[in-house]
Amino acid sequence: MPASVKGAVELRRALRTYAPDLAKETQKEIKVAITPISKSAKGYVPDRGEVLSGWLPRQMSEGTFPTFNPSEVKSKIGFKTSPSKPNSRGFRSLAQVFNKSRAGSIYERMGKKSPDSRFVLNQDGKFRAPLKGKDRMQGRLLYRAYDENNGKAREGVLRAIATAGAKLNQRATVRG
Amino acid sequence: MANVVIDIAAEFTGKKAFKQAETATDKMSKNVKKLAGTLGLAFSGQQILAFGKASIKAAAEDEKAQKQLALALKNVGLSRDAASSEDYIQRLQSEFGIVDDKLRPAYQTLAVATRDTQLAQQLLNLSLDISASTGKDLASVTSALSKAYLGNNTALSKLGVGISKADLKAGKFEDIVSQLETTFAGSATAAANTFQGSLDKLGVASANVQEIIGTGLIDALKGLGEDGSVDNLAVQMQAVATYTADVIRGIGVMISYIQTVSENINKIPGLKTLRDAINKVGIGNQALTILNRLGKESAATAAQTGDTAQALAHLAELQSRYAVATLKTNTKLTAEQLKQLKAARLKAALDKAALALNKGEEVFDMEKIQNEAALKSQTEALGKATTSSQVLQIANDTARLNVKKSIFALEDAMAAKDEAAIVAATKKLNADLGILGVLGMQNVKLVDIKTILDSLKPKDLINLMNLEAALASLGKINVATGGSTNVSSGAAPSMPSSLQPRPMGSGYLTKPRAFTNEELQYFEDASQYQFGGMLPAASTSGTSGNTIIVNTGVGDPNAIAEAIDQVLTDAAQRGTLRQYATP
């Protein structure tokens, strides 16, 4: 579960308007905090030799099942440091890490619902990567990296926001 | 797409904002509606009646609440403060925009608990501040304060006013109140000065207006005769309401004028004197004073002759009569509406059927179908065309078909009497005719070219069709020169059908075959018939002779012989003469 904070979106907006240098600094700090997760997740992407040969890209591809191209999967693992739009429940995320490729998503969570499927068994037979995390946030790439980060990224993001708020208040007080 | 996304930190912003916006909009619309209703804007007769009833009820309830408060104050020994308490409540409601219906019970609770008017008013002020600041309703805050005054601090601690349980338990009530007054000082005033507070004040004003009108209505209904119909009452009330609204607007305009003029009037001595004189005489106030006196006298009389319940009963009776009359009118209207609805449904069904029929006619319009088919075939032919002349011909045909199609469209439009469609179809037809004209000119040129090319084509030298004519001409020449013919007395042999020329495309080219006896006989007869008289007669000795003419001098025979010999020798050397006999 993400940490829920109050007033951070407004703070980011105020920073952009009244203290652009602080806004950039905050963004950099957030980036420093969450980059390790995406880097680790990219490191967990298996090479071509570690996935089933039939899953690799080929000239005559049958059907629409996404093939596993390691470089594509790595390129679509990343992070976002600006606030998102509100989701259906009214929450806006302040920082995100994501794994957006189809093959990457499959590799991330395959076997969670059907661990005995032929595909999963074959893949595990060739290269077994551990599922890490808890409950719904359990996976092989991003969730694993997030789990192994032990909340450092979250603390870093919150610290960056808190620091920016304090600095902004300090400036306002001094000038006012 | 099933993306894997982890939100590191999030903020809840969405639904709360929506809810706040919804609440604010609802409150505002309710207050505006109340105000519009009170000032009699856009009222129908039925609404006027309903408003009148509501006003009477509001006035009655207000009167009841006043009496209850007075009774409660009397019971706790504060009857002498009843009038001042009522004034205090009226001041509060106009100052903070809170209706007296809420203030009276709150004040009553505190007064009963404290039995002290001054303290009750102090606590009510504090309750208003706490309520405005915390968002709790006034009733629960006053209840908590009154309980705290009596020694029960639980409710006060639950309010969340920033005082710990230990402090509440240890501290005196006066200290707690002092602390609360410090914490929430000015909250109610600040809230009243916001936009929402202004709307609340308007709402309170409208509620008061309703109560005042209701009081007047109670008196008016008591004097209404039995024969006075509700309709008339409603119409008159509507007229009065409209008139009142106009007067209110006029007052607003007048106030603005007065404000403008008052600033300058003191600077002009004559005008100032005149204004003072008018004020002293009181011409403008006289009419209002008379009306006011009449109203007061009427109110006093009404108070003597009856009560509110009687007026309400009278109104209920009148309303029931009005309802019966309205029901009858509505029933008539409903029957008429049913007829109209039935007719409209029938018309709609007929229109639908006519539309379907038109569609059916279009389906079976053979001319159109053929035209469309021809257009389609032209399109297919265009794909197969290889030369520009073919393309031009196809374009010509297509243009003609398009003209035909445009004519059909124009006919349809004329039948439908659709002006726009007729204009459009005419325009399209003209455009198609223009295209056809251009193509037609090119066609003429093409035909000319074709004629020229045909004239340049060589005639057939051997043609079965003209061969007979040629042979007949030769025969005539032969007869004229005295030659004989073997078949002059007989008819020309007839050609067998197998040798007759056939039309193109009917298997003209066939496998090679041997001539039949009939055909061979025909060839023999024909040769004799045509060439028999012309050919030299066959030598009976079996040899044939050739005459060679040698040009030489006359006289010396040897020279002639040598010349002949030389010619023959040369011929032999050339190979053209292989054998010759010496003379």
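For the structure itself, look to the data block above.
A. Representation of the overall build of chain B in the model. Each helix and strand counted, chain B has 21 helices and 1 strand in total. At a minimum sequence separation of 6, the contacts of chain B that also span at least 24 residues come to 64%. Carbon and sulfur atoms make up 60% of the accessible area of chain B, which totals about 40,200 Å².

B. Focus on the packing of helix α5 (residues 117-134) of chain B against helix α9 (residues 173-183) of chain B. Residues and elements named next belong to chain B. At a minimum axis distance of 10 Å, the contact between α5 and α9 shows a crossing angle of 45°. In this view, α5 runs oblique relative to α9, as classed from their interaxial angle. Crossing angle aside, the handedness with which α5 passes α9 is left-handed. Touching Q122, L123, L126 and I130 of α5 are F173, V177, L180 and E181, all from α9. Looking at side-chain class alone, the contact of α5 with α9 contains 6 nonpolar, 1 polar and 1 charged residues.

C. View of the packing of helix α3 (residues 82-96) of chain B against α5 of chain B. All names here are of chain B. Contact geometry for α3 and α5: axes closest at 12 Å, N-to-C directions at 15°. Comparing their axes, α5 and α3 come out roughly parallel. The handedness of the crossing between α3 and α5 comes out as right-handed. Here α3 contributes S85, Y88, L92 and F96 to the contact with α5, which in turn contributes T117, Q121, L124, N125 and L128.

D. The side chain of R140 of chain A, seen in detail. Mapping R140 of chain A onto the fold places it in the loop between β5 (137-139) and α6 (142-148). One buried charged residue, R140 of chain A, forms no salt bridge at all, with the nearest opposite charge on D124 of chain A at 4.4 Å.

E. Just the interface of chain A and chain B, in detail. Taken together, the contact pairs 36 residues of chain A with 15 residues of chain B. Of the roughly 2,100 Å² buried between chain A and chain B on both sides combined, carbon and sulfur atoms contribute 60%. Linking chain A to chain B there are 0 salt bridges. In this assembly, chain A and chain B are joined by 9 residue pairs in polar contact (both at pLDDT 80 or more). Sorting the residues of the side of chain A that touches chain B by element identifies β1 (3-4), α1 (8-18), α2 (20-43), β3 (91-99), α4 (102-109), α6 and α7 (152-175) of chain A as the ones contributing at least two each. If one sorts the elements of the side of chain A that touches chain B by residue count, β3 of chain A sits on top with 9 residues. The class makeup of the residues in the side of chain A that touches chain B is 20 nonpolar, 8 polar and 8 charged. As judged from the 8 bridges shared by β3 of chain A and strand β1 (residues 4-12) of chain B, these two strands associate in the antiparallel manner. For Q96 of chain A, the partnering residue across the bridge sits in β1 of chain B and is D7 of chain B.

F. A look at a nonpolar patch on the surface. The grouping of F515, L520 and F523 of chain B at the surface amounts to a nonpolar patch, some 280 Å² of accessible area in total. With respect to the secondary-structure elements, L520 of chain B resides in helix α20 (residues 517-531).

G. Just unusual backbone geometry, in detail. Notably, D135 of chain A is not glycine yet its phi reads approximately 50°, a positive angle. By secondary structure assignment, the location of D135 of chain A is in the loop between β4 (132-134) and β5. Judged by its relative accessible area of 67%, D135 of chain A is exposed. The backbone phi angle of R115 of chain B is positive, close to 55°, even though this residue is not glycine. Position of R115 of chain B among the secondary structure elements: in the loop between α4 (100-114) and α5.

H. Structural context of the environment of A172 of chain A. Residues and elements named next belong to chain A. Considering the arrangement of structural elements, one finds A172 in helix α7. Assessed through its relative accessible area of 49%, A172 is described here as partly exposed. With 154 residues separating them along the chain, A172 and Y18 place their C-alpha atoms 9.6 Å apart.

I. Just the packing of aromatic side chains, in detail. Residue and element names in this part refer to chain A. Considering all chains together, one arrives at 7 aromatic pairs over all chains under this definition. Arranged with centres 5.7 Å apart and planes meeting at 55°, the rings of F68 and Y107 form a pair that is tilted. With a gap of 39 residues between them, F68 in the loop between α2 and α3 (70-75) and Y107 in helix α4 connect regions that are remote in the sequence. Exposure class is identical for F68 and Y107. Each is buried.

J. Seen up close, the pattern of salt bridges. All names here are of chain A. Following the criterion strictly, the structure yields 11 salt bridges over all chains and no others. Among the salt bridges present, the one from R13 reaches E10, with a minimum N-O distance of 2.8 Å. A residue pair is termed a helical-turn pair when its members lie 3 or 4 positions apart in one helix, as R13 and E10 do in helix α1 at 3 residues. On the basis of relative accessible area, E10 is assigned to the partly exposed category, the value being 47%. Between D21 and R171 there is a salt bridge, with the nearest N and O atoms lying 2.8 Å from each other. Residue D21 is found in helix α2, and its partner R171 is found in helix α7; the two are separated by 150 residues along the sequence.

Basis of the calculations
Residues numbered from 1 in each chain as written. Chains lettered and ligands numbered in written order. Predicted model: local features only at pLDDT ≥ 70, side-chain atom pairs only at ≥ 80, totals over all residues. Heavy atoms only, no water. Helix = DSSP H or I, 4+ residues; strand = E, 2+ residues; numbered from the N terminus. Contact = heavy atoms within 4.5 Å. Areas by Shrake-Rupley, 256 points an atom, 1.4 Å probe, with all protein chains shown as cover. Axes fitted to C-alpha atoms, helices over the stretch in contact; angles between N-to-C directions. Parallel < 35°, antiparallel > 145°, perpendicular 65-115°, else oblique. Left-handed = near helix turned anticlockwise from the far one by under 90°. Nonpolar A, V, L, I, M, F, W, Y, C, P; charged D, E, K, R; others polar. Buried < 20%, exposed > 50% of the residue type's maximum accessible area, 1.4 Å probe, protein only. Lys, Arg positive; Asp, Glu negative; His and termini not counted. Salt bridge = Lys/Arg side-chain N within 4 Å of Asp/Glu carboxyl O. Buried area = accessible area lost by both parts, 1.4 Å probe. Polar contact = N/O pair within 3.5 Å; in protein donor to acceptor, adjacent residues only side chain to side chain. Pairing = 2+ DSSP bridges. Patch = residues over 30% accessible without salt bridge, like charges linked within 9 Å, V, L, I, M, F, W, Y side chains within 5 Å. Phe/Tyr/Trp six-rings, centres within 6.5 Å; stacked < 30°, edge-to-face > 60°.

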